Each structure stands twice: as structure tokens, then as C-alpha cells.
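Chain residues, written in single-letter form:
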Amino acid sequence: MTGLLTLANGKSFKGHWHGKASAIQGEIVFFTGMTGYEEVLTDPSYKGQIIVFSYPLIGQYGIQSLYAQSDCIQTAGIIVAGLYEGPLGKDAISLIKFADLHNIPIMSGVDTRSVIQNVRESGTMQSQMVHSSRQELDWQPVQTYFFPATTTSDEIQTVGAGSSHIGLIDFHYKSSILTELLHLDCKVSIIPYATPTDKLDSLELDGLLFSNGPGDPAALQHLFPTYRDWAERYPSFGICLGHQVLASAFGAKTTKLAYGHRGANHPVMNLQTKRVSMSSQNHSYVVESASLKDTPFSVLYENVNDGSIEGLVHETLPLTTVQFHPEAAPGPADHLELFHQFLAMTKQKEGVKMHA
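Basis of the calculations
Residues numbered from 1 in each chain as written. Predicted model: local features only at pLDDT ≥ 70, side-chain atom pairs only at ≥ 80, totals over all residues. Heavy atoms only, no water. Pairing = 2+ DSSP bridges. Helix = DSSP H or I, 4+ residues; strand = E, 2+ residues; numbered from the N terminus. Axes fitted to C-alpha atoms, helices over the stretch in contact; angles between N-to-C directions. Contact = heavy atoms within 4.5 Å. Buried < 20%, exposed > 50% of the residue type's maximum accessible area, 1.4 Å probe, protein only. Polar contact = N/O pair within 3.5 Å; in protein donor to acceptor, adjacent residues only side chain to side chain. Expected span 1.5 Å × (residues − 1). Arc of directions from axis to C-beta. Salt bridge = Lys/Arg side-chain N within 4 Å of Asp/Glu carboxyl O. 1 Å grid on protein atoms, 1.4 Å probe; cavity = no way out; pocket = protein on both sides within 12 Å on 5 of 7 lines; lining within 4 Å. Points joined across faces, edges and corners; volume = space filled by probe spheres on them. Nonpolar A, V, L, I, M, F, W, Y, C, P; charged D, E, K, R; others polar.

Undergrad: It is not clear to me how the sheet that holds strand β4 (residues 50-53) should be interpreted in this structure. Could you clarify?
TA: Sheets are built from strands that pair by backbone hydrogen bonding, the pairs being arranged parallel or antiparallel. Pairing within the closed barrel is mixed, and its seven strands lie in the order β1-β2-β8-β6-β4-β3-β9. Each strand of the sheet is rotated relative to its neighbour by a mean of 35°, with strand direction disregarded. In this structure, strand β1 (residues 2-7) lies alongside strand β9 (residues 125-131), joined through five bridges in antiparallel fashion. Its bridge partner lying in β9, Leu-5 is registered against Met-129. Contacts from helix α3 (residues 112-122) reach β1, β2 (12-18), β3 (23-31), β4, β6 (77-79) and β9 within the one sheet, and its direction differs from that of β3 by about 85°.

Following this line, the structure appears as C-alpha cells:
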């Protein structure tokens, strides 16, 4: 059956519809990596978005649960040029079946180059995917992921039994972050983002890792004072949304990019070493350079392509943040050293009661 993708700028694109007949609306974004569609589709940072894959053939190696970043597909819809429907290895299921299990529609045969060109020219915008048997939706205002004010029903979960006890502040974390911490001999407590401070302190943590997540960091502004308090008392590391939240907690401001950074090949420069390395990224918002003037941060990493901030370091506290994903998945492993550096900071604080 035929499907129609309509962008908020008025442009429309036809394609072949896979899945149950439906009509959905979501912010349209694009991913430029050649591989990694399994990780992308299950990455919580894509929650509610319609994803366009720039690579011309998607699905050729199926889906293996080993690479999933969460328990379900997080995107609202999937747009591809070519969709592989041939044979797969014994441990993989097809992308079509995987999407159908999660009630997520796919449109194939779409002119993805033109779709992406429209997004690059007009900026990230709302879009609709509509099956030919359905009516188009009434356009709704832009929806930003909403973080509930409290998470009282969520319990702290602890996994692993390593030598360092790390609190993973959960804004909807990627499983590869947890996997990397466990690989580095950490005991990890997964802490809901609105956990009371006294409950966090009772865990006797060695450090905090503020995770990635979807949407606008301003949705968490009611908790910025709490996060600043935590970061002033525990060695801390922020990734993606966690980077934006920590910067905001210390007085910086964030702004939305025209069409975001999403892919596995974004070059960044470490301003201390002048070393350029490739990074995996998935974000719409960035920290504004001018807003750092009255904060205790200096820029650690910078995007080579557009000069945007890719990482920060605190003047006096053991606090580092990065906009990209050092755990990659998908992407290069150039930045795994950042996890080692973070854990080294927590070791240096052993015996010092920062949270006393």
C-alpha cells in the first residue's frame, strides 16, 4: 500500500507503506551513518521522532537484540530509500518484522535525498506519515518530550558488583552506557532523574553520570538547582542531554540547532590537545558559547564543522561533560577514554567525603 510523508513546509513524498494502517505526526530528523540502524531505532533520544536514514539500503543485516539501546523502538516512524527484505542470519529478525512487533510504520521507496535536503534548508520541522486509507491529521503544535515533575513510582535499580559505585542519572539512558560502566568494573545504581537528594546520598556513591535523553533540557529546569548541588559534591560526567543539563544548572543557556547533529562521523577537536577525532552524535540542542561567560566552565571539545560546543570542563570541580556519545553504538570508539578519565576522578576522591 501507498503512504504519504508530508512536511510542515508543504512538501510531500510518496512511498510504500509497511505495517498497520495509521497516521502519525512527529518531528522529522535524519541520520547520516552507514550502519547502526538497530541502535538508532532503540535510542531513547529519538523518542517520538520520525527518522530518515540517508544510507540508501537499510535492514540488510536484520535486527539482533544484542545491539538494542532500550526495550522498544523509540522512533514514531521510519523513512528509507531501500528496504532489504532478503534472507538473514539465524539469530536476526527482519527490520520489517521488528517494526511491526512495535507497531511502528516504515515507508520505503522514498526520495530520502530530497527529504533530507528539505530538512537542511527549512530546518527540523513537524511531519506526518499517513497510510493511503487514512485521512491526514490536523497539524498539532511542536511537541517537546515532557519529563514528569516526579518519578515516585520508579525505584532505584542496582546492577553489577564492581569496585566503583556510580550513580547513572536516568533521563532515558542508552544501554551501551550502562554496559561500558559494567565493563569497567563498576557497580551501577540507575537513579530516576527526580530522585530526592537524601535518597541519592544514602547510596554512598563514588560519582555520577548524567545520561542522554530526548527533548529540550529546559523541560528539566525545575531540577537544575538539585543537579548543581549533586555535581558540586560528587565527581560527575555528563553525556548529550546530561551535558546540556549540567551546563544549564551552572547558568549556561541552550539553543536549538537548525537540523541537529545525528550520525556516526562528526569530527570534534579537543582544545587542550588539539587532537581531532570522530564522534557519534544525536541531539537537537547545544550550549550557547556566549552564555559560558559567567559560568565556571571552559570549552573542552568543539565541533570542527560548525564550531559548536561539544564538551566542557569545570574550573575547579571534577566535572566534565560531552555533547557526543563516547560509548558510540553506533560509531567510532575514539572516546572510550573519557569513561576511564571519569573513573580516575572518582578514585582520586576516595577517602574525601564530598557529600558529607
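Still more to cover.
Undergrad: Help me out: how do you make sense of the side chain of His-243 in this one?
TA: Relative to the elements of secondary structure, His-243 occurs in helix α7 (residues 241-249). Residue classification places His-243 among the buried residues on the basis of a relative accessible area of 0%. Within polar-contact distance, the side chain of His-243 engages the side chain of Thr-321 at 2.7 Å. Setting aside anything within four residues of it in sequence, one finds His-243 in contact with Gly-238, Val-287, Ile-309, Gly-311, Leu-312, Thr-321, Val-322 and Gln-323.

Undergrad: Where do I start with helix α8 (residues 337-348) in this structure?
TA: Owing to its 3.6 residues per turn, the α-helix aligns residues three or four sequence positions apart on the same side. With 12 residues, α8 should cover 16 Å at 1.5 Å per step; its first-to-last C-alpha distance of 17 Å lies within 8% of that length. Buried residues of α8: Leu-338, Phe-339, Phe-342, Leu-343, Met-345 and Thr-346, and no others. End-on view of α8: buried residues confined to an arc of 150°, all on one side of the axis.

Undergrad: How should the pattern of salt bridges be read in this particular structure?
TA: Counted under the stated rule, the structure contains seven salt bridges. Measuring nitrogen to oxygen at the nearest pair gives 3.1 Å for the salt bridge that ties Lys-174 to Glu-327. Placement of the pair is Lys-174 in the loop between β11 (164-170) and α4 (175-183) and Glu-327 in the loop between β19 (319-322) and α8, with a sequence separation of 153 residues. Classification of Lys-174 by relative accessible area gives buried; the value is 2%. On the basis of relative accessibility, which here comes to 8%, the residue Glu-327 falls in the buried class. Between Glu-337 and Arg-275 there is a salt bridge whose closest N-O contact spans 3.9 Å. With Glu-337 in helix α8 and Arg-275 in strand β16 (residues 275-287), the pair connects residues that are 62 residues apart, well separated along the chain. Within this structure, Asp-201, Asp-229 and Arg-233 form a network of salt bridges that share partners.

Undergrad: What's the story with the layout of surface pockets in this structure? I'm lost.
TA: Left-over empty space is what a probe sized like a water molecule reveals as it rolls over the atoms. In this structure, the second largest pocket occupies an estimated 270 Å³ of space. Lining the second largest pocket we find Pro-44, Lys-47, Gln-69, Ser-70, Asp-71, Gln-74, Asp-170, His-172, Tyr-173, Ser-175 and Leu-178. Considered class by class, the residues forming the lining of the second largest pocket number three nonpolar, five polar and three charged.

Read these as geometric descriptors, not functional statements.
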